[in-house]
Amino acid sequence: MNPDWWPLAGLRLQTPELELRLASPSDLDALASLAADGVHDPAVQPFAFAWTDAPPSGRALSTLQYQWTQWGAWKPERWSLDLAVVREGTVVGTQGMSARDFAVLREVSTGSWLGQAHQGKGIGTQMRAAVLHLAFEGLGAEYATSGAFADNHASLAVSRKLGYTEDGIERYVSRGKAVRSVRLRLDRQTWQRTRTVPVTISGLEPCLPMLGVNPGHRG
Ligand SMILES: CC(C)(COP(=O)(O)OP(=O)(O)OC[C@H]1O[C@@H](n2cnc3c(N)ncnc32)[C@H](O)[C@@H]1OP(=O)(O)O)[C@@H](O)C(=O)NCCC(=O)NCCS
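Note that the structure is a prediction, hence the values are computed from the model and not measured.

Caption draft 1: Broad picture of the overall build of the protein. Counting its regular elements, the protein contains six helices and nine strands. The C-alpha extent of the protein, read off along each of the three principal axes, is 50 × 40 × 30 Å. Going through the 219 residues of the protein one by one, you find that 47% of them count as buried. Long-range pairs, those at least 24 residues apart, make up 64% of the contacts in the protein with a sequence separation of at least 6. Element-wise, carbon and sulfur atoms account for 53% of the exposed surface of the protein, whose accessible area totals about 10,900 Å².

Written out as structure tokens, the structure is:
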């Protein structure tokens, strides 16, 4: 895609091991294949919207349609930036960051998944650190929030490692049962004190209007 018309296509986040970028058509194919191959043990359901309870072809389709929906619905006042995560040339998963009324609230929320084969290797921590850097350093955010079901130890561990603290609970229906989700919040000062993963951002400046950010009002 031509970044002149769709500036997000030129945005890149780089960590020691990963590149995060808006998915190209072939990245989308790779993400859909990862989803079809499986994102978690079928015995559990970590997502509030149980998209992974579908069969493989349904998970692939849902992955594609989710990405297209976010692009089509994009507004500076309400956006969801869902980046492909690439390690050694291979798409391994996706890291999302969304906001509403960012210009006023200065708050982002994140969500992510990795293909099962790529979990438990520190990638989840690095990719979350990458979008936190984008939020706090690149956009001047004051807060980042996240959430995970109380039995999602890997997701909760990533949040805790990166300095988030608990911020109450929410309750959802999952597979017909009530489940508890832990809300997490990270503030700018804590992020500045605890950040450990080096991240570089390129191609951000032309994206700022799309993200609802006035370049003069950052950080
Ligand atoms: C959640 C997810 C993105 C995390 O990514 P990841 O690459 O697996 O995470 P990392 O390897 O960076 O870190 C996982 C941490 O969880 C810890 N962890 C994993 N299972 C754990 C358990 N049962 N109890 C305690 N800690 C656990 C690991 O020890 C690690 O911490 P450490 O680095 O201090 O040892 C990934 O596991 C995933 O995609 N899961 C399925 C989908 C999902 O749950 N998405 C989030 C929905 S809220």
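Additional details are given in the paragraphs that follow.
Caption draft 2: Main features of the pattern of salt bridges. In this structure the tally under the stated criterion is eleven salt bridges. Here Arg 87 makes a salt bridge to Glu 17, at a shortest N to O gap of 3.1 Å. Here Arg 87, found in strand 3 (residues 78–87), pairs with Glu 17, found in the loop between strand 1 (12–14) and strand 2 (18–22); they are 70 residues apart in sequence, far enough to count as distant. Overall, the relative accessible area of 23% leaves Arg 87 in the partly exposed class. The class of Glu 17 is partly exposed, set by a relative accessible area of 35%. Between Arg 160 and Glu 166 there is a salt bridge, and its shortest N-O distance comes to 2.7 Å.

Caption draft 3: Main features of the environment of Gly 111. Relative to the assigned elements, Gly 111 resides in strand 5 (residues 107–114). Placed 89 residues apart in sequence, Gly 111 and Leu 22 show a C-alpha to C-alpha distance of 15 Å. The contact partners of Gly 111, leaving out residues within four places of it in the chain, are Thr 94, Gln 95 and Gly 96.

Caption draft 4: Region of the structure containing empty space enclosed by the protein. Going through the model one piece at a time under the given rule, you end up with one cavity of 30 Å³ or more. Here the largest cavity is characterised by a volume of approximately 90 Å³. If you trace the largest cavity, you find it lined by Ala 129, Leu 132, His 133, Leu 162, Trp 191, Thr 194, Arg 195, Thr 196, Val 197 and Val 199. Contributing elements (two or more residues each) for the lining of the largest cavity: helix 4 (123–138) and helix 6 (188–194). Considered class by class, the residues forming the lining of the largest cavity number six nonpolar, three polar and one charged.

Cut-off values and rules
Residues numbered from 1 in each chain as written. Predicted model: local features only at pLDDT ≥ 70, side-chain atom pairs only at ≥ 80, totals over all residues. Heavy atoms only, no water. Helix = DSSP H or I, 4+ residues; strand = E, 2+ residues; numbered from the N terminus. Buried < 20%, exposed > 50% of the residue type's maximum accessible area, 1.4 Å probe, protein only. Contact = heavy atoms within 4.5 Å. Areas by Shrake-Rupley, 256 points an atom, 1.4 Å probe, with all protein chains shown as cover. Salt bridge = Lys/Arg side-chain N within 4 Å of Asp/Glu carboxyl O. 1 Å grid on protein atoms, 1.4 Å probe; cavity = no way out; pocket = protein on both sides within 12 Å on 5 of 7 lines; lining within 4 Å. Points joined across faces, edges and corners; volume = space filled by probe spheres on them. Nonpolar A, V, L, I, M, F, W, Y, C, P; charged D, E, K, R; others polar.

By themselves, these observations are geometric and do not establish any function.
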